[in-house]
Amino acid sequence: VILAYVPFVRENATLLRLARLLRVARLLEIIPGIRVVLIGITRSLKPIGGLAALTMFLLYIYGIVGWMLFHEQDPANCGTVTSAMLTLFQVLTLEGWNEVLKTTMAINSAAWIYLVSFVLIGTFVILNIVIGIVVNSIEEAREMEEKRIFEELHPNAKDEGDDLREHIADVRKALDA
């Protein structure tokens, strides 16, 4: 509290108090359910990063096509490639995409093919893949956590496959003999 009144430390005292709150983060390692979710999310970041790059590529390709088709008639949504990509990101989140569809349909009646194909590819495929990646990573983290807890409780226990591995090694020795 006294450091809050010292010059040059005053601004950092709030940050120091916030850093002190990180002690609560130790609870995350104690509670297994939260630990599994955090491990699963961190394991899924790398594949989601690759998928984000693929999504940006999809936005860029569709943005160029949208700019070529609609930049003269709809400069608000497709005046530049960047604004077309921003409009497509809005469509990707399914927020107000029907207004974008109405605007583009007023320009060209075949514009629904452009937007519906983007919604099908972008929303239903890419976002479902993200969900699949996260669920798979959380499942792997749950299995790892169960294995870790089992090894802590039974340090001398053999792995499930140890007996099978020993049997295969015995059979190999017999075949070699």
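Each remark here, short or long, concerns the structure printed above.
Residues numbered from 1 in each chain as written. Predicted model: local features only at pLDDT ≥ 70, side-chain atom pairs only at ≥ 80, totals over all residues. Heavy atoms only, no water.

Re the environment of L54
Step number 1: Position of L54 relative to the elements: it lies in helix α3 (residues 32-70).
Step number 2: With 72 residues separating them along the chain, L54 and I126 place their C-alpha atoms 8.9 Å apart. (Helix = DSSP H or I, 4+ residues; strand = E, 2+ residues; numbered from the N terminus.)

A look at helix α7 (residues 111-153)
Step number 1: Spanning 43 residues, α7 covers 62 Å between terminal C-alpha atoms, matching the ideal 63 Å at 1.5 Å per step.
Step number 2: For α7, every residue scored as buried is listed here: A111, Y114, L115, F118, V119, G122, T123, I126, I133, S137, A141 and E145.
Step number 3: Where the residues of α7 are buried, they touch α3, α5 (81-92) and α6 (97-107). (Expected span 1.5 Å × (residues − 1). Buried < 20%, exposed > 50% of the residue type's maximum accessible area, 1.4 Å probe, protein only. Contact = heavy atoms within 4.5 Å.)

Section: the packing of aromatic side chains
Step number 1: Counting across every chain of the model gives three aromatic pairs.
Step number 2: Considering the side-chain rings of Y62 and Y114, the 5.6 Å spacing of their centres and the 40° angle between planes classify their relative orientation as tilted. Linking Y62 in helix α3 with Y114 in helix α7, this pair joins segments that are 52 residues apart in sequence. When sorted by exposure, Y62 lands in the same class as Y114, which is buried.
Step number 3: With a centroid separation of 5.1 Å and 55° between ring planes, the pair formed by Y62 and F118 is classed as tilted. With a gap of 56 residues between them, Y62 in helix α3 and F118 in helix α7 connect regions that are remote in the sequence. (Phe/Tyr/Trp six-rings, centres within 6.5 Å; stacked < 30°, edge-to-face > 60°.)

A look at the pattern of salt bridges
Step number 1: For the structure shown, the criterion picks out six salt bridges.
Step number 2: A single network of salt bridges, built from pairs that share partners, joins R35, E145, R148 and E152. (Salt bridge = Lys/Arg side-chain N within 4 Å of Asp/Glu carboxyl O.)

What to know about the side chain of T104
Step number 1: Mapped onto the fold, T104 is located in helix α6.
Step number 2: Overall, T104 belongs to the buried group, its relative accessible area being 2%.
Step number 3: At 3.0 Å, the side chain of T104 forms a polar contact with the backbone oxygen of L101.
Step number 4: Other than its neighbours up to four places away in sequence, T104 contacts F70, A111 and L115. (Polar contact = N/O pair within 3.5 Å; in protein donor to acceptor, adjacent residues only side chain to side chain.)

A look at the packing of α3 against α7
Step number 1: Across the interface, α3 lies against α7 with an axial gap of 7 Å and an inter-helix angle of 165°. Relative to α7, the element α3 lies roughly antiparallel. Classified by chirality, the crossing of α7 by α3 is right-handed. (Axes fitted to C-alpha atoms, helices over the stretch in contact; angles between N-to-C directions. Parallel < 35°, antiparallel > 145°, perpendicular 65-115°, else oblique. Left-handed = near helix turned anticlockwise from the far one by under 90°.)

Description of empty space enclosed by the protein
Step number 1: Per the stated rule, a full pass over the model turns up one cavity of 30 Å³ or more.
Step number 2: Of the volumes computed, that of the largest cavity is approximately 40 Å³.
Step number 3: Every residue lining the largest cavity is listed: N77, C78, A84, T87, L88, V100, T104, Y114 and L115.
Step number 4: Every element with two or more residues in the lining of the largest cavity is listed here: α4 (75-78), α5, α6 and α7.
Step number 5: Broken down by element, the residue count for the lining of the largest cavity peaks at three residues, all from α5. (1 Å grid on protein atoms, 1.4 Å probe; cavity = no way out; pocket = protein on both sides within 12 Å on 5 of 7 lines; lining within 4 Å. Points joined across faces, edges and corners; volume = space filled by probe spheres on them.)

Description of the nonpolar core
Step number 1: If you look at the biggest cluster of nonpolar residues, it comprises 20 residues, and the most contacted ones within it are Y62, L88, V91, Y114, L115 and F118.
Step number 2: Element by element, the count of residues in this core is highest for α7, at seven residues.
Step number 3: Sequence-distant contacts of L88, defined by excluding residues within four places in its chain, comprise L59, Y62, G63, Y114, L115 and F118. (Core = buried A, V, L, I, M, F, W, Y, C linked by side-chain atoms within 4.5 Å.)

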